[in-house]
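Summary of structural features
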Amino acid sequence: DVKVTQSSRYLVKRTGEKVFLECVQDMDHENMFWYRQDPGLGLRLIYFSYDVKMKEKGDIPEGYSVSREKKERFSLILESASTNQTSMYLCAGGAGGKSSYEQYFGPGTRLTVT
Amino acid sequence: GQNIDQPTEMTATEGAIVQINCTYQTSGFNGLFWYQQHAGEAPTFLSYNVLDGLEEKGRFSSFLSRSKGYSYLLLKELQMKDSASYLCAVKSNDYKLSFGAGTTVTVRA
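Here is a short report on the structure shown in this document.

How each quantity is defined
Residues numbered from 1 in each chain as written. Chains lettered and ligands numbered in written order. Predicted model: local features only at pLDDT ≥ 70, side-chain atom pairs only at ≥ 80, totals over all residues. Heavy atoms only, no water. Helix = DSSP H or I, 4+ residues; strand = E, 2+ residues; numbered from the N terminus. Rg over C-alpha atoms; globule rule 2.2 N^0.38 Å. Buried < 20%, exposed > 50% of the residue type's maximum accessible area, 1.4 Å probe, protein only. Contact = heavy atoms within 4.5 Å. Core = buried A, V, L, I, M, F, W, Y, C linked by side-chain atoms within 4.5 Å. Pairing = 2+ DSSP bridges. Buried area = accessible area lost by both parts, 1.4 Å probe. Salt bridge = Lys/Arg side-chain N within 4 Å of Asp/Glu carboxyl O. Nonpolar A, V, L, I, M, F, W, Y, C, P; charged D, E, K, R; others polar.

Further remarks concern the overall build of chain A. Helix and strand content of chain A: zero helices and eleven strands. Each helix and strand of chain A, ordered N terminal to C terminal, gives the series β-β-β-β-β-β-β-β-β-β-β. Radius of gyration (C-alpha) of chain A: 13 Å, near the 13 Å computed for a compact globule of 114 residues. For chain A, the C-alpha atoms occupy an extent of roughly 40 × 25 × 25 Å along the three principal directions. Among the 114 residues that make up chain A, the fraction classed as buried is 47%. Contacts in chain A between residues far apart in sequence, at least 24 positions, make up 56% of those at least 6 positions apart.

Take a look at the structure:
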């Protein structure tokens, strides 16, 4: 049974704090993704990684950075949290290669920035 | 850019059929996906279409027309547990999925 885990289900941080969201997958998948999900906007891709130490910007990377030091772990970093980063953050993993398709999602972290 | 449209909400009766439409305009196309997301939970994969036509999987079917930039998800014999959001997503290249805003389906007894 594939599993993607995220470090926290709920998180409350103050404006200006540095925030780390951790994601771990046990599927040995090459690809990992960070999305945020907001009402009426759906899932929007922040960053993704197709290999260890590799990263690519998604559609809304501003205000975020990522780290992938090990294949199973993909971290999302908010350098200086702002209230407009209050959202549900979803991590996903997926097999590599052109034939891959399904992404497996973690349970999400609901982040509130006050 | 990517543009993926689907209705915001749909309501149907238990035992009925509901069809959720999705239209897309994307810079590339490597397949179309449907995910189901129950409130407070992670999205889970339902179906994948890369060629035109209908894919059937139990009570759920998904259709794709690449020339029209159109897909639909058909839910048959609706059950209360089918109340959820249904997300249409297009894979625009080898890696990226672009999602629509989702359609919330409410099944009434």
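What follows continues from the structure just given.
W34, I46, L76, L78 and Y89 of chain A are the most contacted members of the largest nonpolar core, which totals 21 residues. Those elements that place two or more of their residues in this core are β3 (19-25), β4 (31-38), β5 (42-49), β7 (64-70), β8 (73-78), β9 (87-94) and β11 (109-113) of chain A. Within the second largest apolar cluster, 20 residues are counted, among which are V18, L73, A84 and V90 of chain B.

Turning next to the pairing of β9 of chain A. All names here are of chain A. Burial runs high along β9: eight of the eight residues are buried. Residues of β9 alternate between two faces, with S87, Y89, C91 and G93 on one and M88, L90, A92 and G94 on the opposite face, all of them buried. Bridge analysis of β4 against β9 gives seven bridges, and the strand direction is antiparallel. Among the inter-strand pairings, F33 is bridged to a residue of β9, identified as A92. The pairing of β9 with β11 spans three bridges and is classified as antiparallel. For Y89, the partnering residue across the bridge sits in β11 and is T109. Sheet topology places β9 next to strand β10 (residues 103-105); three bridges connect them, and they run antiparallel.

Below, the discussion takes up the interface of chain B and chain A. On the side of chain A, 23 residues touch chain B, which itself brings 17 residues to the contact. For the pair chain B and chain A, the two sides together bury roughly 1,700 Å², of which 58% comes from carbon and sulfur. At the surface where chain B touches chain A, the tally comes to one salt bridge. For D59 of chain A, the salt bridge goes to K96 of chain B, with nearest N and O atoms at 3.1 Å. The residue makeup of the side of chain B that touches chain A, split by class, is eleven nonpolar, three polar and three charged.

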